[in-house]
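For reference, the chains in residue letters:
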Amino acid sequence: MEISIGGIRSTPLTERSERFTAIIWGPAKSGKTTLASTAPKPILFLMFDPDGAASLKRDQDIHVIDLSKAPDNVVDRFKMSGSQELKDIEKAVTDGVNTVVLDSLTSFGSKALVHGIAMAQLMPQHKDSKPSLEAPGFGGYGMKSMFVNRAVVNLLAITQRHNKNFICLGHEDAGQKSREGNIIKQTLMLGSSLVVEIPKDVNEVWYMHDMNGKHEVLLRPRFPLTPMGSRMFDTRNASSFYWRYDPVEGKGEGIGSWLDQWKSNGYNKISLPK
């Protein structure tokens, strides 16, 4: 049976292929960049974290664009869909890059805030109370949210056009505390509505941390941590697993092998790694 709406034809699910889109977040130095490096290669890292590539095993199929030292207004180039930077990223994807990694959302957001404050200061509506680093206000935070959101939307669109993978890495915030000083909610260090807007557009939202030398990956919210979720893994009986991988030898399962299992299973949910 063929179905068409407005000239767009339906595709039977059995004929669809899926890609990997994810946010992997957690504490610094918990292995997020290493986990992202196990995605299908070649991989292009858009590196905003200073010295973030130092944790990667040297591999000719991993390419790094170091944007950590770029001026803060570099975020403006990711806002405009026709910018040269985004055209260059799309060319890299068409030339064979299978996975694009934004590392990290947190560092991109820091540049976006500084540039957003500078932009907001030029707006006439903020002339009486100009935003500053000490008090960014609605103008500064609003501009930051726009820059971060547009960057993710544009990178998702580029990779979607070519059915390639896209991963965002992020850090956890300090957490919201009760009057007694207990953490009652801990989430992505993004602020404002971005914590809701960005995760909704990807298939996987994983939290990763180091538990006494073991890397635990959480796939569903666990108090006080949120958001997490997975369309690839079956989380009915368990919602976390320990990732067993040797980063020195580059041996063990990872995103690429899990994607292969998902594909072999007809893109139906797969069991958690053991």
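Our structure is the block above this text.
This report concerns the structure included in the present document. Bear in mind the structure is a predicted one, so any value in this text is a computation, not a measurement. (Residues numbered from 1 in each chain as written. Predicted model: local features only at pLDDT ≥ 70, side-chain atom pairs only at ≥ 80, totals over all residues. Heavy atoms only, no water.)

This brings us to the side chain of serine 145. Counting through the fold element by element, serine 145 comes out in helix α4 (residues 137-161). Look at serine 145 and you get buried, because its relative accessible area is 13%. Setting aside chain neighbours within four positions, we find serine 145 in contact with Ser192 and Leu194. (Helix = DSSP H or I, 4+ residues; strand = E, 2+ residues; numbered from the N terminus. Buried < 20%, exposed > 50% of the residue type's maximum accessible area, 1.4 Å probe, protein only. Contact = heavy atoms within 4.5 Å.)

In the structure shown here, the tally under the stated rule is 8 salt bridges. Lysine 111 is the partner of aspartate 72 in a salt bridge, and the nearest nitrogen-oxygen pair spans 3.8 Å. Linking aspartate 72 in the loop between β5 (62-66) and α2 (84-94) with lysine 111 in helix α3 (residues 105-121), this pair joins segments that are 39 residues apart in sequence. Given the relative accessible area of 29%, aspartate 72 is considered partly exposed. For lysine 111, a relative accessible area of 9% corresponds to the buried category. Where glutamate 85 meets arginine 77, a salt bridge forms, and the shortest distance between an N and an O atom there is 3.3 Å. (Salt bridge = Lys/Arg side-chain N within 4 Å of Asp/Glu carboxyl O.)

Where α3 contacts α4, the axes come no closer than 7 Å and their chain directions differ by 130°. What the angle tells us is that α3 and α4 run oblique. Between α3 and α4 the crossing geometry is right-handed. Contact residues: α3 offers Leu105, Phe108, Gly109, Ala112, Leu113, His115, Gly116, Ile117, Met119 and Ala120, while α4 offers Gly139, Gly140, Tyr141, Met143, Lys144, Phe147, Val148, Ala151 and Val152. Broken down by class, the residue content of the contact of α3 with α4 amounts to 13 nonpolar, 5 polar and 1 charged. (Axes fitted to C-alpha atoms, helices over the stretch in contact; angles between N-to-C directions. Parallel < 35°, antiparallel > 145°, perpendicular 65-115°, else oblique. Left-handed = near helix turned anticlockwise from the far one by under 90°. Nonpolar A, V, L, I, M, F, W, Y, C, P; charged D, E, K, R; others polar.)

Next up on the list: the environment of leucine 194. Mapping leucine 194 onto the fold places it in helix α5 (residues 194-197). Judged by relative accessible area, which is 0%, leucine 194 ranks as buried. Taking C-alpha positions, leucine 194 is 8.1 Å from valine 148, a pair spaced 46 residues apart along the chain. Ignoring any residue separated from it by four or fewer positions in sequence, one finds leucine 194 in contact with Ser145, Val148, Asn149 and Pro199.

Looking now at the packing of aromatic side chains. Counted under the stated rule, the structure contains 12 aromatic pairs. With a centroid separation of 5.9 Å and 45° between ring planes, the pair formed by tryptophan 206 and phenylalanine 233 is classed as tilted. You can see tryptophan 206 sitting in strand β10 (residues 204-211) and its partner phenylalanine 233 sitting in the loop between β11 (214-218) and β12 (240-243), a full 27 residues away along the chain. Taking 5.6 Å as the distance between ring centres and 55° as the angle between the ring planes, the aromatic pair formed by phenylalanine 233 and phenylalanine 241 counts as tilted. Note on accessibility: phenylalanine 233 and phenylalanine 241 belong to one class, buried. Through pairs of rings, three or more aromatic residues link up here, namely Phe20, Trp206, Phe233, Phe241 and Trp258. Its end group placed over the ring of tyrosine 242, lysine 214 keeps NZ or CZ at 5.8 Å from the ring centre. (Phe/Tyr/Trp six-rings, centres within 6.5 Å; stacked < 30°, edge-to-face > 60°. Lys NZ or Arg CZ within 6 Å of the ring centre and 35° of its normal.)

Attention shifts here to the sheet that holds β12. Across the sheet, which stays open at both edges, the 8 strands sit in the order β5-β4-β6-β7-β3-β10-β11-β12 with mixed pairing between neighbours. The sheet terminates laterally at β5 and β12, the two strands that pair on one side only. Put simply, the sheet's adjacent strands are angled 25° from each other on average, direction ignored. As paired strands, strand β4 (residues 43-47) and β5 are joined by 5 bridges and run parallel to one another. Across the sheet, phenylalanine 45 pairs through a bridge with valine 64, a residue of β5. Of the strands in this sheet, β6 (99-103) and β7 (165-171) are in contact with α3, which crosses β7 at around 75°. (Pairing = 2+ DSSP bridges.)

Turning next to α4. Taking 1.5 Å per residue, 25 residues should reach 36 Å; α4 reaches 36 Å between its end C-alpha atoms and fits that length. Just downstream of α4, asparagine 163 is the residue with a positive phi angle, here 55°. (Expected span 1.5 Å × (residues − 1).)

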